[in-house]
Amino acid sequence: MQLNEDNRQIRLNVFIHGTGHHEAAWRHPDMQPRQTLDISYYRHLAQVAERGLMDSIFVSDAYFGKINKLEATTLLGALSAATSHIGLIATVGTTYYEPYHLARQAATLDHISGGRAGWNIVTGSADETAFNFGRAAHPEHAQRYQLAKEFVEVAKQLWDSCVEGVAVNDAGSTNGVGSTRHYEVKGPLDAPRLPQGYPVLVQAGSSESGKAMGAEMADVIFTAQQTFEAARAFYTDVKGRLPAYGRKAGELLIMPGLCPIVADTLGEARELEEELNQLVHMEDALRRLSRRFAADLSSYPLDGPVPLHLAKSLGEINSLKSRQSLLLELIEEEQMTIRQFVHRFANGRGHYAFTGTAVQLADEMEKWFHSGAADGFNVMPQIFPSGLEAFVEKVIPELQNRGLFRTAYEGASLRERLGLKAPAQHCKV
Amino acid sequence: MMGGKSSNRQLYMSAAVDGLNYQQCVQLAEMAERALLHALIAPESSRLEKPAPSSPVLEPFTLLAALSASTSTIGLIAEVHSAFYEPFHAARKLAALDYMSSGRAGCLTLPGQEAAAANFGRVSKEQLRPHGYEASAAVEFAEAMQQLWDSWDDDALIYDKQAGMQFDEAKVREVNYTGRYYSTRGPLNIARPPQGHPPIVVPIRTQDDKLAAARVADVMIIEPNSLEEAIELSLELRELLRQQGRQPEQGRILASLTPIAVTAGSISEVDLRLGTVGGGGKTARGRLCCAGTAEEIADWIQLWHHSGAVDGFHIQPPLQAALDSFGYFAEQVIPELQRRGMFRQTGSSSTSLREQLGLSRPINQFHVIR
Ligand SMILES: Cc1cc2nc3c(=O)[nH]c(=O)nc-3n(C[C@H](O)[C@H](O)[C@H](O)COP(=O)(O)O)c2cc1C
């Protein structure tokens, strides 16, 4: 596998998430958490990212819980009007959605943004979700992925049912396009062909089924990796699966999460990290992390070892499976205390966190990029907007100086900018 | 009141943003906002008929979200076909739109057409769609959304940094809505929208629609053939509202209308066929049209409004020349209505669509019960 093609550049997505990816960011004295329901807050973040020439903005989503969050596609619809180059990647879960609605929604986002839409395909991760949709239970992992794969196939067929420039089809010949084992969707989609053909397809599952699906159909993979070695192993694994689907290494971009705390000196960065860690609500954090164990972690000494022998097995977990093994390995390897574990998990929920100067971070990113661990990064600032501003003002110029990142937006669509092929239209007209 | 001449009654106006590409939608939205219309309605499409090549229908929520950024006061109403949708998804999209637009969101609910079910087919029985095409299904849909919006109290978000509490647990609840067609547990995963409940709009086509509207509609859109019919229909709707224990003014009645501009010597074929120049009538496609000069259209609107039959109009420009036609209405007819003191001359001080429609903000139903 050739990893150092000429003028290959780092791809940068920013994962916009509440007040920041540190779970205590909202408690920071500078933070006004109420603004997370305010569009001007997101407009500012999007515009900072666009000023930094970043490839895309990504918004996660879930259909349960008291997360108090603006729905992803609606939010990005509004941000499309406030930006002009940056990609807009919305999470839409397949398990409780209709392919037809998703296809129209993504088509609309792609049209109004002039070819900047992306879709993060997720299957959802909690039983509670089912109850919000009148269902008795969340389908189990393998079933969810099977449905998701079919869902994506149907969506692609719907996007293919649109022809260039006009909304389908005099002969009605594209009818009955979307049939799979579980779905039967007649079509056609009532929309002109998308500027990008398909939105950029993102997959963020790291389980066996997740990786298989990503290798088969994704343009971009987001993944949580705790170490360089783990990221490289993941990268090698997934890229190695591509030939089986007739795909080349460059057709799938792998972007591990990166939770930076950047300052002018290492000392300042550490101070900010410590400040955020001090704000963690220990009881809540322990309660949450205890769900991964067959015991209540709060009954163990904070500065004692994590009781690894009580960790739940993968079989007992129906959500975020891949995250479980990752965490356990890390705890074992680093011999973490419960407090260290809490802090490690607080700054990015299991993604790779980095505290340091812009030069140090750029060194690390360059290493991952040039050693087969990443095509780019899913940047997850620990606190907004300052964490994103610091990244854009300090780290991006450093990457540009090294010739690792663009100095102007190129290409008309997100797909082009990411160096991805336009999907061939399998139009049955 | 009914029949009486009550010239200080507000005249409410909405417009369909239909059959246009995005740039045209923005233009229409900006024109409508300049003309001080109260709301835009973005239609849903899951049509299986051959779509017109020139009129793609953009998905309402995503479109209106984008329009929320290019407008600042006009209401943004999304059409939803409940048979193919989930109250949980719709409720949170509407809540998001309501937050992003500072209280301008609304929802037009229709059950949807059976023919469109082919776009939502499931092979496996346990996920069988659709939810039901009866008007009562759309009522349930609206009620389920309203309960989800009420799953958070207005003051549930506290963001107590000291205590590490973002919201007050006692003020967020499961709703456990269980109807014939829908069930949803909740709570919604977003706090109660600025308007409490974004207004529900129900188009009246069948007898069942009337009963449905009486229960949940904040706005009703009627499609009468004549003024007499409109008067009769309104009487009936207001009576049904009363029977549900609601005040008549809690349900605004708009007549859907396609105004057709006729300037001297430009009488189109449509108008001739209709024989309705200077008056109103229904086209072959069942749309209420009013063709005439700006003065004539204003006369006609005045007549209808003063009769007490309607609180206003939902303007549906002819699909063929929607922008031009709407432009004429916004730039010629609206100023004429303003000259006559019939239409507001300054925007509302509130951005809330509810307030602009003169509707009160609903109290949280879980408080009423306790
Ligand atoms: C960066 C990133 C973002 C994710 N965003 C979402 C999301 O918005 N909604 C969701 O349900 N899951 C999300 N996930 C979870 C994944 O879709 C997936 O369920 C998880 O990584 C576990 O993998 P698995 O499902 O293959 O076991 C995200 C994962 C990553 C790494």
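Computed from a predicted structure; not experimentally measured. (Residues numbered from 1 in each chain as written. Chains lettered and ligands numbered in written order. Predicted model: local features only at pLDDT ≥ 70, side-chain atom pairs only at ≥ 80, totals over all residues. Heavy atoms only, no water.)

Colleague: I would appreciate a short explanation of the overall build of chain B in the present structure.
Modeller: Scanning chain B from terminus to terminus reveals eleven helices and 15 strands. A buried classification covers 63% of the 370 residues belonging to chain B. Across chain B, the fraction of contacts at a sequence separation of at least 24, relative to all contacts at a separation of at least 6, is 75%. A total accessible area of about 14,000 Å² is found for chain B, and carbon and sulfur atoms account for 50% of it. (Helix = DSSP H or I, 4+ residues; strand = E, 2+ residues; numbered from the N terminus. Buried < 20%, exposed > 50% of the residue type's maximum accessible area, 1.4 Å probe, protein only. Contact = heavy atoms within 4.5 Å. Areas by Shrake-Rupley, 256 points an atom, 1.4 Å probe, with all protein chains shown as cover.)

Colleague: Would you take a moment to explain the side chain of His101 of chain A for this structure?
Modeller: Considering the arrangement of structural elements, one finds His101 of chain A in helix α3 (residues 99–112). According to the relative accessible area criterion, His101 of chain A is buried, its value standing at 8%. Every residue in contact with His101 of chain A, bar those within four places of it in the chain, is listed here: Glu44, Phe84, Tyr85 and Phe120 of chain B.

Colleague: How should the UniProt feature "binding site: FMN" (unreviewed entry) in chain B be read in this particular structure?
Modeller: All names here are of chain B. As annotated in UniProt, the feature "binding site: FMN" (unreviewed entry) corresponds to His131 in the numbering used here. Among the structural elements, His131 can be located in the loop between β5 (121–122) and α4 (135–149). The residues contacting His131, other than those within four sequence positions of it, are Ser82, Ala83, Tyr85, Glu86, Tyr181 and Tyr182. (UniProt positions renumbered as here; feature names shortened; annotations may be inferred.)

Colleague: I tried to follow the packing of helix α2 (residues 72–80) of chain A against helix α3 (residues 87–100) of chain B on my own but got confused; where do I start?
Modeller: The description of two packed helices rests on the angle between their axes and on the distance between the axes. The contact between α2 of chain A and α3 of chain B brings their axes to 8 Å, and the two run at 30°. Here α3 of chain B runs roughly parallel to α2 of chain A, going by the angle between their axes. The crossing of α2 of chain A and α3 of chain B is right-handed. Of the residues in α3 of chain B, those touching α2 of chain A at Thr73, Thr74, Leu75 and Ala78 of chain A are Lys93, Ala96, Leu97 and Met100 of chain B. Of the residues in the contact of α2 of chain A with α3 of chain B, the class split is five nonpolar, two polar and one charged. (Axes fitted to C-alpha atoms, helices over the stretch in contact; angles between N-to-C directions. Parallel < 35°, antiparallel > 145°, perpendicular 65-115°, else oblique. Left-handed = near helix turned anticlockwise from the far one by under 90°. Nonpolar A, V, L, I, M, F, W, Y, C, P; charged D, E, K, R; others polar.)

Colleague: Looking at this structure, I do not really get the pairing of strand β12 (residues 252–261) of chain B. What am I missing?
Modeller: Along any regular strand the residues' side chains alternate between the sheet's two faces. All names here are of chain B. Of all ten residues making up β12, nine are buried, and the element is well covered by its neighbours. Of the pairings in the sheet, the one linking strand β11 (residues 219–222) to β12 comprises four bridges and is parallel in character. Bridge pairing in β12 places Ile222 opposite Ala255. With respect to chirality, the unit in which β11 leads through helix α6 (residues 227–243) into the neighbouring parallel β12 is right-handed. As judged from the four bridges shared by β12 and strand β15 (residues 312–315), these two strands associate in the parallel manner. Residue pairing across strands places Leu257 opposite Ile315, the latter belonging to β15. (Pairing = 2+ DSSP bridges. Right-handed = clockwise from strand over helix to strand, strands pointing away.)

Colleague: Where do I start with the nonpolar core in this structure?
Modeller: One broad trend across soluble globular proteins is that nonpolar side chains are buried collectively. Ranked by internal contacts, the top residues of the largest apolar core, which has 196 residues, are Leu12, Met54 and Trp159 of chain A together with Ile301 and Phe313 of chain B. Setting aside chain neighbours within four positions, we find Trp159 of chain A in contact with Leu102, Ala103, Ala106, Ala107, Trp119, Leu189, Arg193, Leu194, Gly197, Tyr198, Pro199 and Leu201 of chain A. Listed in part, the 29 residues of the second largest apolar core include Val280, Phe293, Ile338 and Ala346 of chain A. (Core = buried A, V, L, I, M, F, W, Y, C linked by side-chain atoms within 4.5 Å.)

Colleague: Before we go on, may I ask you to explain the interface of chain A and chain B in this structure?
Modeller: How large an interface is tends to be reported as the accessible area lost when its parts come together. Residue-level contacts link 66 residues of chain A with 67 residues of chain B. Sorting the residues of chain A by area buried against chain B places Trp26, Lys66 and Asp190 of chain A first, and these three jointly supply 13% of that buried surface. For the interface between chain A and chain B, the tally reads four salt bridges. Where chain A meets chain B, there are 26 residue pairs in polar contact (both at pLDDT 80 or more). Listed by contribution, the elements that provide at least two residues to the side of chain A that touches chain B are α2, α3, α4 (127–131), α5 (141–160) and β6 (183–185) of chain A. Counting residues per element, the side of chain A that touches chain B draws most heavily on α3 of chain A, at nine residues. Its residues assigned to classes, the side of chain A that touches chain B shows 30 nonpolar, 20 polar and 16 charged. (Buried area = accessible area lost by both parts, 1.4 Å probe. Salt bridge = Lys/Arg side-chain N within 4 Å of Asp/Glu carboxyl O. Polar contact = N/O pair within 3.5 Å; in protein donor to acceptor, adjacent residues only side chain to side chain.)

Colleague: Teacher, can you tell me more about the site of the ligand here?
Modeller: All names here are of chain A. Inspection of the region around the ligand gives 24 residues, with Ser60, Asp61, Tyr145, Ala204 and Ser207 positioned closest. Asp61 places a polar main-chain atom, nitrogen or oxygen, 2.8 Å from a nitrogen atom of the ligand. Residue Ser207 places a side-chain N or O atom 2.4 Å away from an oxygen atom belonging to the ligand. Looking at the shell around the ligand, the elements with two or more residues in it are β4 (117–122), α5, β8 (220–223) and α10 (321–334). (Near = heavy atom within 4 Å.)

Colleague: Looking at this structure, I do not really get empty space enclosed by the protein. What am I missing?
Modeller: Residue and element names in this part refer to chain B. If you walk through the whole model with that rule in mind, you get seven cavities of 30 Å³ or more. Of the volumes computed, that of the largest cavity is approximately 80 Å³. As for the largest cavity, its lining consists of 13 residues, of which Ser14, Ala39, Val219, Leu254 and Leu357 are closest to the centre. Where the lining of the largest cavity is concerned, the elements lending two or more residues are β1 (12–16), β2 (39–42) and β12. In terms of residues, the lining of the largest cavity owes the most to one element, β1, which gives three residues. (1 Å grid on protein atoms, 1.4 Å probe; cavity = no way out; pocket = protein on both sides within 12 Å on 5 of 7 lines; lining within 4 Å. Points joined across faces, edges and corners; volume = space filled by probe spheres on them.)

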